[in-house]
Amino acid sequence: MPDIKDINLAEQGLERINWVEKNMPVLRIIRDRFEKEKPLQDIRIASCLHITTETAILMRTLKAGGSQIKLCASNPLSTQDDVAAALVKYYGLDVYSINGEDNETYYKHIDSVLEFNPHITQDDGCDLVSTIHSKYPEKCNNVIGGSEETTTGVIRLRSMLADNSLKYPIIAVNDAKTKHFFDNRYGTGQSTIDGIIRATDILLAGSTVVIAGYGWCGRGVAMRAKGMGANVIITEVDHLKATEAAMDGFRVMKMIDAALYGDLFITITGDINVIDIPHIEKMKDGAIICNSGHFDVEINLTALNKIAKSRQRVRKFVDEYKLDDKRIYVLAEGRLINLAAANGHPAAVMDMSFANQALTAEYFTKTYRKGERLPVDVMPVPKHIDEYIAKLKLNSMNIQIDQLTEEQKKYLASWSFGT
Ligand SMILES: NC(=O)c1ccc[n+]([C@@H]2O[C@H](COP(=O)([O-])OP(=O)(O)OC[C@H]3O[C@@H](n4cnc5c(N)ncnc54)[C@H](O)[C@@H]3O)[C@@H](O)[C@H]2O)c1
């Protein structure tokens, strides 16, 4: 039995799902083919993803391919309850998630999707894969492969591989170029700013925004904040990324120094306690802190709760912490602000990310049906899939590009031409 908030929200959810589909032409093309060819017939997929309208389009695509799916959330605050209801009512999916669920319910729901012995796992952050490995190791034998959506999940999986804990092959969807070049950069860039504005209604123009992390996501957030007129400061731990940020025109400094200037702080590193008490002690009265990295560990809220005189919810998604000399505002309890306070990434980028998920599921199935087994490893999405998705996306944008001539192909493949 599915476990969702309210089935009566289904109609609203369906309306929103239908709206985003217009912006997901690549998945639509894949779905049309899946409907004819049924490449995933009788494949059981356990899926742990943010339950959003875009995920609903992925679920439709996988179902069109003939698979059976159980879906739970990859974050307790990101579930769109109307979408969950629509997936149950109109697509007959087993969905287990309620926005705002506590940690115990969150893991109970992961247990529920693992009940039917999946052939494929789809994860966003590695909570599903770590649960199947630690609680149900015997179920791993049945799994032909798993796909991982985000940077943090890939890092956890590589740790599992390194200490020989991983029991089945994983494809790192995050590492596909058609994923992180677009989803992490433009998707997180836009939706993080969107979430902050929805939660606070602040004006970015003229304010100082401190962004911790200049990876794929951080670059996108910095680019958009700058575009809206903010003075952007970057903090980093990697010399290369810090150099890049400086040459992109941002001020780069240590967090302890940036703490003095920031009106708004955004963490997007995948790391722990990036904003800690010594930083908060230096911040201005009224500073706003939020996170868009995968887990709610980037701001040390445990320590902040200990030193705060009081904490009060002053507005949806905004908690005011009173300290001796100032007030600090934390958004969305330190969870991904773009999914908690806004709708996550726009459909046009999720189109490519989820095309990778759909085609990866097909790739695992084809390999399995040929009687082959992929090695236990954390692997990239096969290059031909990545390139095919880029081609479809470009076609859908009505953009034509040049093709190499025979002469150019020969030239580029040769070492004999020189000065
Ligand atoms: N909000 C979303 O929708 C969304 C989307 C994609 C990825 N993510 C998550 O965002 C996080 C970052 O992803 P990414 O793809 O940008 O990763 P990335 O590896 O490209 O970048 C992370 C950057 O953070 C830096 N960093 C690490 N520790 C730091 C510290 N203490 N101070 C300052 N910088 C530090 C690293 O050097 C690196 O440059 C991950 O947790 C990822 O899972 C979130």
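Residues numbered from 1 in each chain as written. Predicted model: local features only at pLDDT ≥ 70, side-chain atom pairs only at ≥ 80, totals over all residues.

Trainee: Explanation requested: the pairing of strand β11 (residues 288–291) in the structure shown.
Mentor: Residues in a regular strand point their side chains to alternate faces of the sheet. Here β11 shows two buried faces, one formed by Ile288 and Cys290 and the other by Ile289 and Asn291. Across 4 bridges, strand β10 (residues 264–267) lies against β11 in parallel orientation. If you follow Phe265 over to β11, its bridge partner there is Ile289. Crossover β10 to β11 through helix α12 (residues 277–282) is right-handed. (Buried ≥ 20, exposed ≤ 12 C-beta atoms within 10 Å, placed from the backbone. Helix = DSSP H or I, 4+ residues; strand = E, 2+ residues; numbered from the N terminus. Pairing = 2+ DSSP bridges. Right-handed = clockwise from strand over helix to strand, strands pointing away.)

Trainee: Please explain the site of the ligand as it appears in this structure.
Mentor: Taken together, 30 residues lie near the ligand, and Gly213, Gly215, Cys217, Gly270 and Asp271 sit nearest. Elements with a contribution of two residues or more to the shell around the ligand: α7 (151–162), α8 (177–200), α9 (216–227) and α14 (337–340). Among the residues forming the shell around the ligand, the class breakdown is 9 nonpolar, 17 polar and 4 charged. Viewed by domain, the shell around the ligand spans two of them, domain 1 (7–179 + 344–396) and domain 2 (188–340), each represented by three or more residues. (Near = placed C-beta within 6 Å. Nonpolar A, V, L, I, M, F, W, Y, C, P; charged D, E, K, R; others polar. Domains from an automatic or database assignment.)

Trainee: How should I be thinking about the sheet that holds strand β2 (residues 68–72) in this particular structure?
Mentor: Strands pair in a sheet through their backbones, by hydrogen bonds, and they do so in one of two ways: parallel or antiparallel. Within the open sheet, the 7 strands sit side by side as β3-β2-β1-β4-β5-β6-β15. Their pairing is parallel. Only two strands of the sheet have a single partner each, and these edge strands are β3 (94–96) and β15 (378–380). Put simply, the sheet's adjacent strands are angled 20° from each other on average, direction ignored. By the bridge criterion, 3 bridges tie β2 to β3 in an arrangement that is parallel. Paired with Lys70 across the bridge in β3 is Asp94. Sheet strands touched by helix α5 (residues 103–114): β1 (44–48), β2 and β3. Its angle to β2, the strand with the most contacts, is close to 175°. (Axes fitted to C-alpha atoms, helices over the stretch in contact; angles between N-to-C directions. Contact = placed C-beta atoms within 7 Å.)

Trainee: Just to check I follow, could you spell out the domain arrangement of the chain for this structure?
Mentor: Think of interface size as the accessible area that goes away when the parts come together; that is how it is often given. Taken domain by domain, the chain consists of domain 1 (7–179 + 344–396) and domain 2 (188–340). Using only C-alpha atoms to locate each centre, domain 1 and domain 2 end up separated by 30 Å. Contacts between the two partners involve 12 residues from domain 1, matched on the other side by 12 residues from domain 2. Partitioning the side of domain 1 that touches domain 2 into residue classes produces 3 nonpolar, 9 polar and no charged.

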